[in-house]
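# Fold and geometry: a report
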Amino acid sequence: MTSQRAHQRTNVVWLGSPSFPEAAKPLLRDEQLRSNLRRATGTIRERRLAVTGELDDWEELRTAGEAVKRRTLRHLDHYLEQLEASVVRAGGQVHWAADAEEANRIVTRLVRETGEREVVKVKSMATQEIGLNEALAEAGIDAYETDLAELIVQLADDRPSHILVPAIHRNRAEIREIFTAAMGRYGRPAPEDLTDDPAALAEAARLHLREKFLRAKVAVSGANFASADTGTVAVVESEGNGRMCLTLPETLITVMGIEKVVPAFSDLEIFLQLLPRSSTGERMNPYTSLWTGTTEGDGPSTFHLVLLDNGRTATLADATGRQALACIRCSACLNVCPVYERTGGHAYGSVYPGPIGAVLTPQLVGVENAASLPFASTLCGACYDACPVKIDIPEVLTHLRAQAVESRRARRKVPSAEALVMKAAAAVFATPGRLAAAQKAAGLGGRFLGDTVSRLPGPLSGWSDARDAPVPPRESFRAWWERTEGGTDEEER
Amino acid sequence: MRIALFLTCFNDTVYPQTGKAVVRLLRRLGHEVDFPPAQTCCGQMHFNTGYRPEIVPMLRRFTEVFGGYEAVVAPSPSCVGMVRHEFPVVARQYGDNALREAVDAVVPRVHELSEFLVDELKVTDVGAYYPHRVTYHPTCHSLRGLRSGDRPLRLLREVRGIDLVELPEAESCCGFGGTFALKNAATSTAMLADKMTCVRETGAEVLSAADNSCLMHIGGGLTRLSSGVRSVHLAEILASTEEDR
């Protein structure tokens, strides 16, 4: 399993980054980033609360969403085969990709067969996950992102830091700089007098992208949902740029994680309510595009659906961890997470940041390859409350923490310092006598230190960098209880 | 009612005054309180850090010590959360049949202090007097773990002399998170800074919560800044009376 998982490591892009605590440090020092994130997540958070609060049956909708997703995952093989048959019946072609490499190879081949050297892209997490743009570039094919935020990220040669709002870490002044500096390299340059007025920025992007929409013969998209019974694929977006890609080109290639299938077209009723309210705080999604195979004289004449595994069936085998596959990529957990709010997405070293990333990424790549991520949470539970399909993220986090510890134990001959501390602590807690002795030692030590300690040694120094530590009292409660016979001595009341 | 105090190892060692306050409060309300001295720890630190097999002896000890009591009360939502939500998980993963049954038998009788007072003893006015300006941090394990809701605030509102002020962004995590504060010290500190700003905005002289671990974290930051804000466990406020003046 280890070698197979080690191979998969390359299959979720950009996991070569340092562990979460290291990656977070420079980000935490970035005041501009902190304030951009605080403003953006705060705004979305309030909007989400307002629009979820106005539905009387919001909790029932969540329960329904959870039920459909969990049932689908239990019978995933059945629904995927049904989906394949439905898509083929509707005139599409279906391809199965075991990992990122295979998916990239399939898409590259399909683009080459059209004779084209460029594609327009609809915002897609699956293609981010497998690093499709980079793979296409190696094959001499230019991939242009058309989602506004993805465009900003691509022009800046940056990485997305949010699932839904990839450029959440940028403010409009930074965006103006990026447009002015980079648009000309990819196509129509930004106007020379571009200001940081949002309308002016949007207009510059519109003109830049329009050229690409009208020229492109091939489009690549992801999928939010695909219904097994009809073979219908659905993409939701806010700008309409995706719809341009989904209708104007001759060939459409959709890369979809296998967990995105839902049993029936009618199930979309649930998710098209849950998703926009959870993600952008909107009652309804501005653009919802649905297509079923191909239709003569309407939209692309060739449709390919690439079904991507890339660690998903391995995840499915874990009865606790598999709930992460129910994710509908709404980002509600990112927007309520106090850790994400401080660090942003780049610290997570994955295209899936935030709480869901902390449980999804380690499962897709093998927990030993992303061992710091399950610990990048205080377990405050805000993510679980916000999740529209009730993924118990804290449960999966502690589950994966145990796996991370077990996998380290299996690989190391000598126990880590942390393992020794935990072992020693467990020994102290094994009997009340040992606990009392340890308390007495701590209390005696404390007598020389005053009321608080402002400097702690070794691994504890992270605490005392910012906080005073309390000094254990001379007498523990249990010692007091024994001395006063349960506090019955009046003086010691 | 004969109540067992599960003080938790952390309170026992570092905050004995909280234990004394719980004993005083429950006795004042007319109940017998026992502290079974064989108790040690719930294993939360081990659980949250990923060391599950180590917890099994602690779990076994807990069921042996507290199995015979009608009610077990702890002044810590996070430790009660560990018992209520995670004991069954660990017992099913690593325990034998006997342990699983013992866990299932004891779990429903373990209560967090504020929910025990409000739900079991049906009291919100505990006869306390505390003439200070107080703000209350609800803590994640109380709010989202145990769903304690406004029970602590209902208790505090009945305290005579108290000037209870609302904490801005009260539901945000303070950044403690057990070993998170050590493993991700920089992020934890950033969260702490925002929490302290909110506390200081209230002008309160006392910050209260139902968990001493969060209070140790926030209070440790507040004393570092010489802010003059004291951290006091909910139980200590509820145990205070006019005679203490």
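Structure: see above.
No experiment lies behind these values; they were computed from the predicted model shown.

Glancing now at unusual backbone geometry. Of note, A:K390 is a non-glycine position whose phi angle comes to about 55°, a positive value. Topologically, A:K390 is positioned in the loop between helix 18 (382-386) and helix 19 (393-411). Unlike most non-glycine residues, B:E169 shows phi in positive territory, near 45°. Looking at the element boundaries, B:E169 is found in the loop between strand 6 (163-165) and helix 10 (180-183).

Overall, the coordinates contain 15 aromatic pairs over all chains when judged by the stated rule. Between A:F20 and A:Y348, the aromatic rings sit 4.8 Å apart at their centres with planes inclined by 65°, giving edge-to-face as the arrangement. Of this pair, A:F20 sits in helix 2 (residues 20-28) while A:Y348 sits in the loop between helix 16 (338-343) and helix 17 (354-365), placing them 328 residues apart in sequence. For the residue pair A:F20 and A:Y348, the accessibility class agrees, reading buried in each case. Ring geometry for B:F6 and B:F62: centres 5.0 Å apart, planes at 85°, overall edge-to-face.

Bringing the sheet that holds strand 5 (residues 225-227) of chain A into the picture now. All names here are of chain A. Spatially, the 4 strands line up as an open sheet ordered 8-5-6-9, and their pairing is mixed. The sheet terminates laterally at strand 8 (261-262) and strand 9 (287-292), the two strands that pair on one side only. Of the strand pairs in this sheet, strand 5 and strand 8 are connected by 2 bridges, and their pairing is parallel. Counterpart to S227 in the pairing with strand 8 is V262. Strands in contact with helix 13 (residues 268-279) are strand 5, strand 6 (232-237), strand 8 and strand 9; relative to strand 5, the strand with the most contacts, it is inclined by about 170°.

Core analysis: the largest hydrophobic core is formed by 117 residues, its most contacted members being A:L83, A:F179, A:F271 and A:I356. Broken down by element, the residue count for this core peaks at 6 residues, all from helix 17 of chain A. A:F179 has contacts with A:L148, A:I152, A:L155, A:A190, A:L194, A:L201, A:A204 and A:A205, leaving out every residue within four places of it along the chain. Among the nonpolar cores identified, the runner-up in size contains 38 residues, and B:L7, B:V123, B:L155 and B:I237 belong to it.

Looking now at the packing of helix 3 (residues 31-53) of chain A against helix 13 of chain A. Two packed helices can be described by the angle between their axes and the distance between those axes. Residue and element names in this part refer to chain A. Running from amino to carboxyl end, helix 3 crosses helix 13 at an angle of 145°, the nearest separation of the two axes being 7 Å. Of the residues in helix 13, those in contact with I44, R48, V51 and T52 of helix 3 are R277, S278 and S279. Of the residues that constitute the contact of helix 3 with helix 13, the class distribution is 2 nonpolar, 3 polar and 2 charged.

For the rest of this paragraph, the subject is the environment of B:I3. Residue and element names in this part refer to chain B. Mapping I3 onto the fold places it in strand 1 (residues 2-5). Given the relative accessible area of 0%, I3 is considered buried. Sequence separation of I3 and F35 is 32 residues, and the distance between their C-alpha atoms is 8.7 Å. For I3, the contacting residues outside a window of four places in its chain are L26, H31, E32, V33, D34, Y69, A71, V73 and F116.

Here the focus is the sheet that holds strand 10 (residues 302-308) of chain A. Residue and element names in this part refer to chain A. Taken in spatial order, the 6 strands make up an open sheet running 1-10-7-4-2-3, and their pairing is parallel. In this open sheet, the two strands that pair with only one neighbour each are strand 1 (93-97) and strand 3 (142-145). The sheet shows a mean angle of 25° between the axes of neighbouring strands, taken without regard to direction. Strand direction decides the pairing type here: strand 2 (residues 118-121) and strand 3, joined by 4 bridges, are parallel. Each bridged residue has a counterpart across the sheet, and for V120 the counterpart in strand 3 is Y144.

The subject of this paragraph is the interface of chain A and chain B. Listed by partner, the interface residues are 62 residues for chain A and 65 residues for chain B. Across the chain A to chain B interface the summed buried area is about 5,400 Å²; carbon plus sulfur atoms make up 59%. Sorting the residues of chain A by area buried against chain B places A:M422, A:F429 and A:F477 first, and these three jointly supply 14% of that buried surface. Applying the counting rule to chain A against chain B returns 8 salt bridges. One salt bridge in this structure joins B:D194 and A:R342, with 2.7 Å as the shortest N-O distance.

As a further point, take helix 9 (residues 148-155) of chain A. All names here are of chain A. The element helix 9 is largely enclosed, with a buried count of 7 among its 8 residues. Within the span of helix 9, buried status applies to A149, E150, L151, I152, V153, Q154 and L155. Its buried side turned inward, helix 9 meets helix 7 (125-130), helix 8 (132-138), strand 3, helix 10 (172-186) and helix 11 (198-215). N-capping of helix 9 is provided by D147, with a side-chain oxygen placed 3.1 Å from the backbone N of A149.

The rules behind the values
By convention here, each chain's residues receive numbers from 1 onward along its written sequence. Chains and ligands are labelled sequentially in the order written, the chains with letters from A and the ligands with numbers from 1. Totals for whole chains, interfaces and linings use every residue, but because this is a predicted model, local features are given only for residues with pLDDT of at least 70 and side-chain atom pairs only at 80 or more, for both listing and counting. Processing note: side-chain calculations cover all non-hydrogen atoms of the structure and skip hydrogens and water entirely. The secondary structure listing takes helices from DSSP runs of H or I that are at least 4 residues long and strands from runs of E that are at least 2 residues long, numbered from the N terminus. Pairing of aromatic side chains here covers Phe, Tyr and the six-membered ring of Trp, requires ring centres within 6.5 Å, and sorts the geometry by plane angle: under 30 degrees stacked, over 60 edge-to-face, intermediate tilted. The cut-offs for exposure are 20% and 50% of the maximum accessible area for each residue type, with area from a 1.4 Å probe on protein chains only; residues under the lower value are buried, those over the upper are exposed, and the others partly exposed. Pairing between strands is defined by DSSP: at least two bridges between them are needed. By the convention used here, residues are in contact when the closest approach between their heavy atoms is within 4.5 Å. Fitted lines through C-alpha atoms serve as axes, helices being fitted only where they are in contact, and the angles separating the N-to-C directions of these axes extend from 0 to 180 degrees. What is meant by a nonpolar core is a set of buried Ala, Val, Leu, Ile, Met, Phe, Trp, Tyr and Cys residues, joined one to another through side-chain atoms within 4.5 Å. When residue character is reported, Ala, Val, Leu, Ile, Met, Phe, Trp, Tyr, Cys and Pro are called nonpolar, Asp, Glu, Lys and Arg charged, and the others, Gly included, polar. Defined in terms of a 1.4 Å probe, buried area is the accessible area two parts forfeit on being brought together, summed over both. What makes a salt bridge here is a side-chain nitrogen of Lys or Arg within 4 Å of a carboxyl oxygen of Asp or Glu, nothing more. Here a polar contact is recorded for every N or O atom pair within 3.5 Å, except that within protein the pair must consist of a potential hydrogen donor and a potential acceptor, and residues adjacent in sequence are included only if both atoms are side-chain atoms.

Interpretation note: all reported values are geometric properties and have no functional meaning in isolation.
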